[in-house]
Amino acid sequence: MATPIKDVILKENAPVTILFDKHIEFLRDYGKDDNNFEFGMTDYLRVSGMYWGLTALELLDQTHSSPQEEIVTYIKNCQDPETGGISACLGHDPHLLHTLSGVQILAMYDRLDAIDVEAVVKYVKSLQQPDGSFTGDKWGEVDTRFSFCAVATLSLLKRLDAVDVDNAVKFVESCMNFDGGFGSRPLSESHAGLIYCCLGFLSITHRLDLVKRDVLAWWLCERQLPSGGLNGRPEKLPDVCYSWWVLSSLTILGRLHWISGEKLKKFILACQDTETGGFADRPGDVPDPYHTVFGLAALSLLGQAEIKNVNPTYCMPQHVIDSMQLSPQILRD
Ligand SMILES: [Zn+2]
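Conventions adopted
Residues numbered from 1 in each chain as written. Predicted model: local features only at pLDDT ≥ 70, side-chain atom pairs only at ≥ 80, totals over all residues. Heavy atoms only, no water. UniProt positions renumbered as here; feature names shortened; annotations may be inferred. Helix = DSSP H or I, 4+ residues; strand = E, 2+ residues; numbered from the N terminus. Expected span 1.5 Å × (residues − 1). Buried < 20%, exposed > 50% of the residue type's maximum accessible area, 1.4 Å probe, protein only. Contact = heavy atoms within 4.5 Å. Polar contact = N/O pair within 3.5 Å; in protein donor to acceptor, adjacent residues only side chain to side chain. Core = buried A, V, L, I, M, F, W, Y, C linked by side-chain atoms within 4.5 Å. Donors = N, O, S within 2.8 Å, 3.2 Å for Na, K, Ca; no water. Tetrahedral: all angles 85-135°; square planar, octahedral: opposite > 155°, others 65-115°. Disulfide = S-S within 2.5 Å. Axes fitted to C-alpha atoms, helices over the stretch in contact; angles between N-to-C directions. Left-handed = near helix turned anticlockwise from the far one by under 90°. Nonpolar A, V, L, I, M, F, W, Y, C, P; charged D, E, K, R; others polar.

Per an unreviewed UniProt entry, the recorded name for the chain is Geranylgeranyl transferase type-2 subunit beta, and the organism is Tribolium castaneum. Reading the Catalytic activity (unreviewed entry) entry of the UniProt record for the chain gives the comment "geranylgeranyl diphosphate + L-cysteinyl-[protein] = S-geranylgeranyl-L-cysteinyl-[protein] + diphosphate". Its UniProt record gives the chain a comment under Sequence similarities (unreviewed entry), which states: "Belongs to the protein prenyltransferase subunit beta family."

The following block contains the structure:
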């Protein structure tokens, strides 16, 4: 007997339009228990959290309402004077994930001058291993996520030349599986989040020629469930953040039309919280900025009119990528 598909059922009264004003309220108030934006944001969210919240606000055309100077100063203070990396919050060790988030925020604000760029470059370079892979910090965990973070950070700083790109490409290529997908390391299971990281990496390094385009696109469209939502791996429940990882991957591959955009849109809109605003992973769950930015970004890729265009490779507003004259590779027919 076939095992039943794990999925969710959308309620009749689920929201079908975007709750624009509610989301703005949600993003502005998230984590605040004082009138100080920095206090609330950093206590609960740290630098990557700031990136999710601020990108979501920017996609809703509301960045002007964020305390820009406060945020820039905060990131500047999170840059470790010794290694050059950026930490999650003051007093923590730097990490590549937060280094990318910090650089993304400053790029959005056009304030990369606020940090010591050469020190960031030196930090990223120090994390590359002899096999081309990257660790996330000095503790040495290797993961293809960090290959993406490294080239995304360096390309935003216009210093991709600082690392051995050919060797980095070889490592990512060695993580490709028979199904066309990618895992965190060689021989690791394919996973939509890591597929996005590897495709993003190959998009930035202009090496999408290495990808098994249609085999991978097929695996990605099989992530769509009857509810319209997308999961990250076979046998898993749908989740709004996977709408982003899968959809951006299909966009990079030029195969966005291989899934039902209408059904997916319906699923994402049903994950909005009608009372507080924000998006949750699944309908009825508690919303958070992480699922909110990826819900909005996915709706942007699906052509939702009220949301600014997002770049599928960087998950940043397209106008920022254009003004920085970056042109990550995208496959088109
Ligand atoms: Zn999720």
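Let us keep going from here.
This brings us to helix α13 (residues 289-301). With 13 residues, α13 extends 18 Å between its outermost C-alpha atoms, agreeing within 8% with the 18 Å of an ideal straight helix rising 1.5 Å per residue. Along α13, the residues classified as buried are P289, H291, T292, V293, F294, G295, L296, A297, A298, L299, S300 and L301. Contact partners of the buried residues in α13: α1 (20-29), α3 (46-59), α11 (240-252), α12 (261-270) and β1 (310-311). The backbone nitrogen of Y290 lies 3.0 Å from a side-chain oxygen of the residue at the head of α13, namely D288. Looking one or two residues beyond α13, the residue adopting positive phi is G303, at roughly 90°.

The biggest cluster of nonpolar side chains holds 105 residues, and the ones touching the most others in it are F182, L199, L202, W244 and M316. Beyond its immediate chain neighbours, meaning those up to four positions away, W244 contacts Y196, S249, F294, A297, A298, L301, V310, N311, P312 and C315.

Take the coordination of the zinc ion next. Coordination sphere of the zinc ion, protein contribution only: D239 (OD), D239 (OD), C241 (SG) and H291 (NE2), at 2.2 to 2.4 Å. The coordination sphere of the zinc ion comprises four donor atoms, whose angles at the metal cover 56 to 121°; the geometry is irregular. Expressed as a motif, the donor residue spacing for the zinc ion is D-x1-C-x49-H. Of the two residues, C241 is situated in helix α11 and H291 in helix α13; the sequence distance between them amounts to 50 residues. With respect to class, C241 is no different from H291; both count as buried.

Under the definition given, this model contains zero disulfides. Of the cysteine sulfurs around C89, a residue in no disulfide, the closest is that of C78, at 6.6 Å. You can see C315 has no disulfide; the closest cysteine sulfur is in C197, sitting 11 Å from it.

In contact at an axis separation of 9 Å, helix α9 (residues 192-204) and α11 are set at 35° when each is read in the N-to-C sense. Crossing geometry of α9 relative to α11 is assigned as left-handed. Together, A192, G193, I195, Y196, L199, G200 and S203 of α9 and Y242, W244, W245, V246, S248, S249 and I252 of α11 make up the contact between the two elements. In the contact of α9 with α11, the residues fall into nine nonpolar, five polar and no charged.

Here the focus is the packing of helix α4 (residues 68-78) against helix α5 (residues 96-108). Across the interface, α4 lies against α5 with an axial gap of 10 Å and an inter-helix angle of 145°. Crossing handedness for the pair α4 and α5: left-handed. Residues I71, V72 and I75 of α4 form the contact with α5, whose participating residues are G102, I105 and L106. Of the residues belonging to the contact of α4 with α5, the class tally is five nonpolar, one polar and no charged.

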